[in-house]
Amino acid sequence: MSNIAVIGSGTWGTALAQVADDNGHHVIIYGHNPNQVNDINNNHKNSFYFGDEITLSPTIKATLDLSEAIKDADIILISVPSAALRSVLSEINNLLDHPAIFINTAKGFDTEKNQRLSFVFKGVIDPKNLKGFVSLIGPSHAEEVIVRDTTCICSVSLNEEVAKYVAEVFSNNYFRVYLNNDEVGSEIGVAMKNAIALASGILEGLGFGDNARAALCTRGLAEIVRFGVSQGGKPETYLGLTGLGDLVVTCYSFHSRNFSAGLEIGKDDSAKHFMETNTKTVEGIRTVKVIFEMALAAGVELPIINALYAVIYGGTKPSELVGALMTRPLKKEGK
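Quick caveat: nothing in here was measured; it's all calculated off a predicted structure. (Residues numbered from 1 in each chain as written. Predicted model: local features only at pLDDT ≥ 70, side-chain atom pairs only at ≥ 80, totals over all residues. Heavy atoms only, no water.)

1. Brief notes about the packing of helix H9 (residues 183-206) against helix H10 (residues 210-230)
- Relative orientation of the contacting elements H9 and H10 amounts to 155°, with a least axis distance of 10 Å. Classified by the interaxial angle, the pair formed by H9 and H10 is roughly antiparallel. In this structure, the crossing between H9 and H10 has a hand that is right-handed. Within the contact between the two elements, H9 uses Ile-188, Gly-189, Met-192, Lys-193, Ile-196, Ala-199, Ser-200, Leu-203 and Glu-204 and H10 uses Ala-212, Arg-213, Leu-216, Gly-220, Glu-223, Ile-224, Phe-227 and Gly-228.
- Looking at the contact of H9 with H10 residue by residue, the classes come out as nine nonpolar, four polar and four charged. (Axes fitted to C-alpha atoms, helices over the stretch in contact; angles between N-to-C directions. Helix = DSSP H or I, 4+ residues; strand = E, 2+ residues; numbered from the N terminus. Parallel < 35°, antiparallel > 145°, perpendicular 65-115°, else oblique. Left-handed = near helix turned anticlockwise from the far one by under 90°. Contact = heavy atoms within 4.5 Å. Nonpolar A, V, L, I, M, F, W, Y, C, P; charged D, E, K, R; others polar.)

Right, dumping it as structure tokens:
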């Protein structure tokens, strides 16, 4: 039995806490909202995110005290938005007095330096306290995991022994964890698919059908591969769970915040209202900017990302860009 501290009481942190508890591990969730913490401890629910229908295991505990959450932790699982990652890790680093395995679940880029998230963990946490680092990522919606729907994801680490240990901690008859050592490719895949999911939602909002969405996802995958390989990722990674798998689940599900954000933008045929009123974390919005700038510097052609950048940051109407993408010079599919 491992002691697992889940940092973040949102949907994904709660769902993974339930998985680990199902496997017999001791789990404590750290949250900053007293109502949520009390709900977990007293009612065995996280009603703010899952309503009253979902009951959590009574052995899952929650706390408002970060030091209490991590004091005996063998594993510290971080489930916070990428924008909050650096500050949360800094706080943990100041409190932690023993080595632990850190797990990242976020999919995006560091907001301060535009780095992949593994760089943030390895740069902020004191090496003497970083027993190992894993990204637990892949095609997964918390709303399905919490009701124990069948799910497969990846334990991604440069250290195969640590990756295997984490996979064993979380794997069971409804939650299967594969091993993956392509840190670069996996992190880029799960981040960049958020941008393509925005485009998928936009097409839905504009009223396009299945043919257009299929074309978008396929050509979006081509852009993910092209950019990811340019950054050092392995081509085969993008045909796996952290590539094609995560792309499919995000581009076709109303559970996806990125798809839902794109849907709103498409219905308005403009990103203006969404950008002015959105209060939720939509990782794809910032990912578009990061990938656009990195691809420009690397000389990598990404027409879909360029179009998304024009819509979100340039004020261009999405409907105007569909035609522009469709009438680009013809070329071989693999290019």
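2. Digging into the pattern of salt bridges
- Enumeration according to the criterion identifies twelve salt bridges in this entry.
- Here Glu-276 makes a salt bridge to Lys-272, at a shortest N to O gap of 2.8 Å. Placement of both Glu-276 and Lys-272 in helix H13 (residues 272-277) is noted, with a separation of four residues, approximately one turn of the helix.
- Overall, Glu-276 belongs to the exposed group, its relative accessible area being 55%.
- The salt bridge partner of Arg-328 is Glu-301, with a shortest N-O separation of 3.4 Å. (Salt bridge = Lys/Arg side-chain N within 4 Å of Asp/Glu carboxyl O. Buried < 20%, exposed > 50% of the residue type's maximum accessible area, 1.4 Å probe, protein only.)

3. Observations concerning helix H14 (residues 283-298)
- For H14, spanning 16 residues, the distance from its first C-alpha to its last is 22 Å, which sits close to the expected 22 Å at 1.5 Å a residue.
- Buried within H14 are the following residues: Glu-283, Gly-284, Ile-285, Thr-287, Val-288, Val-290, Ile-291, Phe-292 and Ala-295.
- Against the buried residues of H14 lie helix H5 (82-95), H9, H10, helix H12 (257-268), H13 and helix H15 (303-314).
- Phi for Gly-299, located one or two positions after H14, is positive at around 70°. (Expected span 1.5 Å × (residues − 1).)

4. Thoughts on the nonpolar core
- The biggest cluster of nonpolar side chains holds 41 residues, and the ones touching the most others in it are Met-192, Ile-196, Leu-198, Leu-302, Ile-305 and Leu-308.
- Elements represented by at least two residues in this core include exactly H9, H10, helix H11 (241-251), H12, H14, H15 and helix H16 (318-326).
- Considering every element that reaches this core, the biggest residue donor is H9, with eleven residues.
- Grouped together as the second largest cluster of nonpolar side chains are 35 residues, Val-19, Ile-40, Leu-136 and Ala-167 included. (Core = buried A, V, L, I, M, F, W, Y, C linked by side-chain atoms within 4.5 Å.)

5. What about the layout of surface pockets?
- Considered as a void within the structure, the largest pocket measures approximately 1400 Å³ in volume.
- Thr-11, Trp-12, Pro-81, Arg-257 and Thr-281 are the residues nearest the centre of the largest pocket, which is lined by 49 residues in total.
- Taken together, the elements giving at least two residues each to the lining of the largest pocket come down to helix H1 (11-22), H5, strand E6 (130-137), helix H7 (142-145), H9, H11, H12 and H13.
- Among the elements that make up the lining of the largest pocket, the one with the highest residue count is H12 (five residues).
- Here the lining of the largest pocket is composed, by residue class, of 17 nonpolar, 23 polar and nine charged.
- By volume, the second largest pocket is sized at about 740 Å³.
- Along the wall of the second largest pocket there are 28 residues; nearest its centre are Arg-219, Ile-304, Leu-325, Met-326 and Arg-328.
- Contributing elements (two or more residues each) for the lining of the second largest pocket: H9, H10, H15 and H16.
- Sorting elements by how many residues they give to the lining of the second largest pocket places H10 first, with eight residues. (1 Å grid on protein atoms, 1.4 Å probe; cavity = no way out; pocket = protein on both sides within 12 Å on 5 of 7 lines; lining within 4 Å. Points joined across faces, edges and corners; volume = space filled by probe spheres on them.)

6. Quick look at the pairing of strand E2 (residues 26-30)
- With four of its five residues buried, E2 lies for the most part within the structure.
- In the sheet, strand E1 (residues 3-7) pairs with E2 via five bridges, with the strands oriented parallel. Its bridge partner lying in E2, Asn-3 is registered against His-26.
- Once you follow E1 into H1 and on to E2, the crossover reads as right-handed.
- Relative to strand E3 (residues 61-63), E2 runs parallel, the two sharing three bridges. Note that in E3 the partner of Tyr-30 across the bridge is Thr-63. (Pairing = 2+ DSSP bridges. Right-handed = clockwise from strand over helix to strand, strands pointing away.)

7. Digging into the packing of H9 against H11
- The geometry of H9 relative to H11 is characterised by a closest axis approach of 8 Å and an angle of 25° between their N-to-C directions. Taken together, H9 and H11 sit at an angle that is classed as roughly parallel. The way H9 lies across H11 gives a crossing that is right-handed. Mapping the contact onto sequence places Ser-186, Gly-189, Val-190, Lys-193, Asn-194, Ile-196, Ala-197 and Ser-200 in H9 and Thr-242, Asp-246, Leu-247, Thr-250 and Cys-251 in H11.
- Split into classes, the residues belonging to the contact of H9 with H11 amount to five nonpolar, six polar and two charged.

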